[in-house]
Amino acid sequence: MWGAIEHLGRDDRTRGYLRDAWSPADLELRAWFRQEAARRGLAVREDRNGNLWAWWGDPSDRPGVVTGSHLDSVRQGGAFDGPLGIVSAFAALDALAAKGFEPARPLGIACFTDEEGARFGVPCTGSRLLTGALDPDRARGLTDDEGDSMAEVLRRAGRDPGALGRDDETLGHVGVFVELHVEQGRGLVHAGAPVGVASTIWPHGRWRFDFRGQANHAGTTRLQDRDDPMLPFARTVLHARELAERGGVVATFGRLRVSPGNANAVPGLVSAWLDARGGDETAVRTLVAELTAFSGAEVGNESWTPAVDFDAVLRDRLALVAAEAVARRTAPPDAADGRGRPPRSARDAAGGAAGAVAPVPVLPTGAGHDAGILAAAGVPGAMVFVRNPTGISHSPEEHAEASDCHLGVAALAAILEDLCQS
Ligand code: GLV
Ligand code: MN
Ligand code: MN
C-alpha cells in the first residue's frame, strides 16, 4: 500500500508532500482509499462533509469501532502524518481477517477530509463540520490562496457545498474512534518504545495578524517617512518568543503574506499567522492577548481547539493491549509458545494484574487530530503513536521505521479486536 501512494503529491525536488484538500493528489488518494476498501469487500460511503467511511459490517445496526486518519498533508509535509493511520488501518483489518476474526460489532475505517487546513486555513474541517464544531456557512466562505472559496472548490470536485454541516446520522455510527499516528516528537525515542498511546492533546489555535502600512518605493522613501508594517511584525515575532518562554507554551509564526510583495517596495500589508499551543489553556490565551495588544495589528481568531483528555480508563486498557501485542511480536523464540506468543497473556502472567508486560508509554501531544475533535464532541477515542526516530514532523524528514510501523499495526489490530468484542 505504501508503494502505491508514496509518489502522489510528492515534490521530487524537496521530497516533501503537497496534498491540499481536494487537489488532484488528494483526489487520487481518495480514489486509492476506495480501491483498497473495495478490494477487501468493504462498503464505502462519503458523508456530506467529504469524509470517507469504509465499513466491515453495517453501522446502522449498531455503532461501530472506527479507526483511520487523514490523507491530506501540510505543504511540503512528510509521508507519515495521516497516511500511516490509514495504511495501518487497512493492514490491521487484514491481520484480523487473516486470523479468521469476525467482529461482533461493525468495524470501520475513516478518512477525514482536510485535517491540516493547509488550503483554507482552518484545520480538521471534515471532522469539525461533521460534529458541528464548524459553522457550514463559515466553511463555505473560507478561501484558498487563489481566492477560491471552499464552496467553489467543492462544486468543482463534484460535491454539494449546500450539504455541509453537522451529520448526526454519520456521527451516530461511530461508537469509538482510534487513530494511529506517527509520533510528532521524540517521546517514544526517549522511552525506548516503538508504540505509545495518547493522554491529552494540548489546547491550540490559529490567529491572523494584519499589519497595515503604506506601500512605497524602497529607494526613494526616506526612512523617517516610511510606514513599514514589516517592523511591527518583526518586533511581534520576537515578542511572541519571549512570551512563549515566559508562559511555558509554544508560539509560531509559520505563514506570512507580504503585499504587494516587491523586493523594491516597502510593503503595504503584512499578514502573518500565529499558531499558539500549550498544556495550559489560560497560558495560551494570555500569550495571545498580550501579543495582540503589543502588535498593534488587527487580529482575528481562525480556529481554536480546547484541550482534549482522552478517556483514561480506555487509554490505560489500550496501553496494556498494545503492550501485549508488541510483546507477542518481539518475544524471543524461547519465551514464545511456538506461535510467536509469550507463554501466557501479560495479564495472566501477572496473576490477573498487569505486571509481566508494562503498558506502552502514555504521552501528551501538542499536535491536533481528528480524534481530538471527535472526543470533544463526546465520541470516546484514543490514539496510538508510532516512534519517529527523527522526532521531526510537518517536514520531509518525518520518519518511522518499517519494523515500528508493523508493531503499530499489530498493536492497532489487537486494540480493534479488543474493542470489537464488547
Ligand atoms: C496538525 O497536525 C496540527 O497539529 O496542526
Ligand atoms: Mn499534521
Ligand atoms: Mn495528522
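Residues numbered from 1 in each chain as written. Chains lettered and ligands numbered in written order. Predicted model: local features only at pLDDT ≥ 70, side-chain atom pairs only at ≥ 80, totals over all residues. Heavy atoms only, no water.

Within the largest apolar cluster, 59 residues are counted, with the highest numbers of intra-cluster contacts made by Trp32, Phe33, Phe90, Ile109, Ile415, Leu416 and Leu419. When residues in this core are grouped by element, the largest group, eleven residues, is from helix α14 (residues 402-420). Leave out the neighbours within four places in its chain, and Leu416 touches Val65, Thr67, Ala92, Leu93, Leu96 and Leu107. Ranked by size, the runner-up nonpolar core spans 21 residues in total, among them Val308, Leu363, Leu374 and Val379. (Core = buried A, V, L, I, M, F, W, Y, C linked by side-chain atoms within 4.5 Å. Buried < 20%, exposed > 50% of the residue type's maximum accessible area, 1.4 Å probe, protein only. Helix = DSSP H or I, 4+ residues; strand = E, 2+ residues; numbered from the N terminus. Contact = heavy atoms within 4.5 Å.)

What follows deals with the coordination of the manganese ion (ligand 3). Under perfect tetrahedral coordination by four donors, a metal shows angles of 109.5 degrees; under perfect octahedral coordination by six donors, it shows angles of 90 or 180 degrees. Protein coordination of the manganese ion (ligand 3) is provided by His70 (NE2), Asp81 (OD) and His181 (NE2), with donor distances spanning 2.0 to 2.3 Å. Donor residues for the manganese ion (ligand 3), ordered by position in the chain, follow H-x10-D-x99-H. Between the manganese ion (ligand 3) and the manganese ion (ligand 2) the interatomic distance comes to 3.6 Å, and Asp81 is a ligand of both metals. In this pair, Asp81 sits in the loop between β3 (64-70) and α3 (83-98) while His181 sits in strand β5 (residues 174-182), placing the two residues 100 residues apart along the sequence. Judged by its relative accessible area of 4%, Asp81 falls in the buried class. (Donors = N, O, S within 2.8 Å, 3.2 Å for Na, K, Ca; no water.)

Let's shift gears to helix α11 (residues 312-330). Given a rise of 1.5 Å per residue, 19 residues ought to cover 27 Å, and the 26 Å separating the end C-alpha atoms of α11 matches this to within 8%. Among all positions in α11, only Leu314, Arg315, Leu318, Ala319, Leu320, Val321, Ala322, Ala323, Glu324, Ala325, Val326 and Ala327 are buried. (Expected span 1.5 Å × (residues − 1).)

Right, let's talk about the pairing of strand β15 (residues 381-386) for a bit. The buried fraction of β15 amounts to six of the six residues, a majority that puts the element mostly inside the structure. In β15, alternate side chains face the same way, and those of Gly381, Met383 and Phe385 on one face and Ala382, Val384 and Val386 on the other are all buried. Direction of pairing for β5 relative to β15: parallel, over a ladder of six bridges. Considered in β15, the bridge of Val178 is made with Ala382. In this structure, strand β6 (residues 195-201) lies alongside β15, joined through three bridges in antiparallel fashion. By the bridge assignment, Val195 is partnered in β15 with Val386. (Pairing = 2+ DSSP bridges.)

In this section: unusual backbone geometry. Cis geometry marks the peptide bond from Ser259 to Pro260, where omega comes out at 0°. Secondary-structure assignment places Pro260 in the loop between β9 (250-259) and β10 (265-266). For His394, which is not glycine, the phi dihedral falls at a positive 55°. Tracing the backbone shows His394 in the loop between β15 and α14. Take His394: its relative accessible area is 40%, and that puts it in the partly exposed class.

Moving on, we come to the sheet that holds strand β12 (residues 298-305). In spatial order, the strands read β9-β11-β7-β12; together these four strands make up an open sheet with antiparallel pairing. At either margin of the open sheet sits one strand with a lone partner, and together these are β9 and β12. Between one strand axis and the next, the sheet turns through 15° on average, direction left out of account. Bridge count for strand β7 (residues 204-212) against β12 is seven bridges, and the pairing is antiparallel. (Axes fitted to C-alpha atoms, helices over the stretch in contact; angles between N-to-C directions.)

Let's shift gears to the domain arrangement of the protein chain. The domain boundaries assigned to the protein chain delineate domain 1 (2-202 + 308-420) and domain 2 (204-304). Each of domain 1 and domain 2 has a C-alpha centre, and these two points are 34 Å apart. Contact residues are listed per partner, giving 14 residues for domain 1 and twelve residues for domain 2. Between domain 1 and domain 2 lies a buried interface of about 940 Å² when both sides are counted; carbon and sulfur atoms form 38% of it. Sorting the residues of domain 1 by area buried against domain 2 places Gly121, Asp145 and Trp202 first, and these three jointly supply 48% of that buried surface. Here Arg255 makes a salt bridge to Asp145, at a shortest N to O gap of 2.8 Å. (Domains from an automatic or database assignment. Buried area = accessible area lost by both parts, 1.4 Å probe. Salt bridge = Lys/Arg side-chain N within 4 Å of Asp/Glu carboxyl O.)

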